[in-house]
Each structure stands twice: as C-alpha cells, then as structure tokens.
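# Coordinate inspection notes
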Amino acid sequence: MNDSLVAWLVSALCLAVMSLLACRWISHIRQRRAELRRAHGYSLIHSLRAYSAWIECQRDLPFTAQSLDELTSPAPLHRAREIRREWFPSLGQQMVQLLQAHSRLIEYLWEQNLLRLTQGTSWKPAYLDPQYQQLRGSQEDLIDEMMASCRQLIGETGSWRGTGSDFVFSNTAAPQDPVGRV
C-alpha cells in the first residue's frame, strides 16, 4: 500500500473515532441536562405543594408586622419562582396567574385580619367563608395546572394527585364523635 493511502485511512479512522466520541459526549450532556431539568421539575412541584400548605397555615392566623415580608413573598413561592425562571420559562404565564391569585388571597386575608381586630363579631373563620373558599379553590386549580404542565415538560407520565388539599374537609368544623367527643 502506498503511504498516502495509509495516511488517508488513519485520518479517516481518527475522524470517525472523534465523531463517535463527540456524539457520545453530546448525548451525555443532553442526558445530564434532562436529568437536571427533571430534578428541578420535582423541586418546582415540591415548592408549589409547600406553598399550598403555607397558604393553608395562614388562613386563620392573625397577621403581624413581622410577617409582612413573608406574606408578600413566602419562601416556597419565592423558590418556585426561581426554579421556573431558570428551568421552565414556558410556565411564565401560569406563574403570573399564580402571583395574581396570591395577591388577591393575601389582600383578602388582610381584610379579614382587620375585621378580626376591629369587629370581632363580623369576622368568620375560613371554613365558614365562601369567598375564601372560592379564592382558595381557584388558587389550588392554578397550582394543580402548573404542576401538570411541569410534569409534562419533564416527561413525567402516569397520574398524580394534586396538592392533596381537601378544602371541604379542612375548612369544616370537626365532626362530633358518636360518643360526644370531638
């Protein structure tokens, strides 16, 4: 064989090996990126669930000046916003809707807090308040929709439950035990 043919074959073989390595590297990078996106998707879902639980904890609590910053941007909602911004920009419109719902609910809770402080008899607990139920139900629908969109974006299949909040149950007075205990 002639030296130029051998050199050409070696070059072609090197090019093929380098192409194969480059393809494997690109595949590895894509796989790693997908794994990171999936992990961040689960973190987003967790943050949305934590936010939902945080809201439930606020419903009948008196607000204080110390809690103002937390009410404006609670930690789970702040974390969900960060994850959405970095990993799921397509969920931007849903996040805006959730932030608007948060604002409406916090405004309503502030009004209820003022009623509690000024006119204790006009205040009603959340489980008796249809307006709270409506605001909270709409917010839960947004959270569930956002989690479903996130699951779709990360390629998660199968059925999941929503946040698990049962407002009919959690917003009613405790049923009486047949023996008379609560």
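In case you missed it, the structure is sitting above this.
Described in the following lines is the structure provided in the data block. (Residues numbered from 1 in each chain as written. Predicted model: local features only at pLDDT ≥ 70, side-chain atom pairs only at ≥ 80, totals over all residues. Heavy atoms only, no water.)

## Overview of the side chain of Ser47
If you trace the backbone, Ser47 turns up in helix H1 (residues 3-58). According to the relative accessible area criterion, Ser47 is buried, its value standing at 6%. Leaving out residues up to four positions away in the same chain, Ser47 has contacts with Pro76, Arg79, Ala80 and Ile83. (Helix = DSSP H or I, 4+ residues; strand = E, 2+ residues; numbered from the N terminus. Buried < 20%, exposed > 50% of the residue type's maximum accessible area, 1.4 Å probe, protein only. Contact = heavy atoms within 4.5 Å.)

## Description of the packing of helix H4 (residues 92-118) against helix H5 (residues 130-153)
Running from amino to carboxyl end, H4 crosses H5 at an angle of 160°, the nearest separation of the two axes being 10 Å. In terms of orientation, H4 and H5 fall into the roughly antiparallel class. Considering how the two elements wind past one another, H4 and H5 form a crossing that is left-handed. Contacts between H4 and H5 involve Gln94, Met95, Gln97, Leu98, Ala101, His102, Arg104, Leu105, Tyr108 and Leu109 on the former and, on the latter, Gln131, Tyr132, Leu135, Arg136, Gln139, Leu142, Ile143, Glu145, Met146 and Ser149. (Axes fitted to C-alpha atoms, helices over the stretch in contact; angles between N-to-C directions. Parallel < 35°, antiparallel > 145°, perpendicular 65-115°, else oblique. Left-handed = near helix turned anticlockwise from the far one by under 90°.)

## As for empty space enclosed by the protein
Summed over all chains, the structure comprises one cavity of 30 Å³ or more. The computed volume of the largest cavity comes to approximately 40 Å³. As for the largest cavity, its lining consists of ten residues, and the residues nearest its centre are Arg59, Tyr108, Leu109, Gln112 and Ala126. No other element matches H4, which puts three residues into the lining of the largest cavity. (1 Å grid on protein atoms, 1.4 Å probe; cavity = no way out; pocket = protein on both sides within 12 Å on 5 of 7 lines; lining within 4 Å. Points joined across faces, edges and corners; volume = space filled by probe spheres on them.)

## Section: the packing of H1 against H4
H4 packs onto H1 with a crossing angle of 15° between their chain directions and a minimal axis gap of 11 Å. By the angle class used here, H1 and H4 are roughly parallel. Considering the relative orientation of H1 and H4, their crossing is left-handed. Residues Leu48, Tyr51, Trp54, Ile55 and Gln58 of H1 form the contact with H4, whose own contacting residues are Leu98, His102, Leu105, Ile106 and Leu109. Here the residues of the contact of H1 with H4 sort into eight nonpolar, two polar and no charged. (Nonpolar A, V, L, I, M, F, W, Y, C, P; charged D, E, K, R; others polar.)

## Some details on the packing of aromatic side chains
How two aromatic rings sit relative to each other is set out by the distance from centre to centre and by the angle between their planes. All told, the structure shown has one aromatic pair when counted by the stated rule. Geometrically, the ring pair formed by Tyr51 and Trp54 is stacked, given 6.4 Å between the ring centres and 15° between the ring planes. On the criterion of helical spacing, the pair formed by Tyr51 and Trp54 is a turn pair, its members being three residues apart in helix H1. (Phe/Tyr/Trp six-rings, centres within 6.5 Å; stacked < 30°, edge-to-face > 60°.)

## Quick notes on the nonpolar core
Judged by nonpolar contacts, the single largest core of 30 residues is most densely connected at Leu44, Leu48, Tyr51, Phe88, Leu98, Leu109 and Tyr132. Among the elements of the structure, H1, helix H3 (75-87), H4 and H5 are those that each provide at least two residues to this core. Contacts of Leu109, omitting those with residues within four sequence positions, involve Gln58, Arg59, Phe63 and Tyr132. (Core = buried A, V, L, I, M, F, W, Y, C linked by side-chain atoms within 4.5 Å.)

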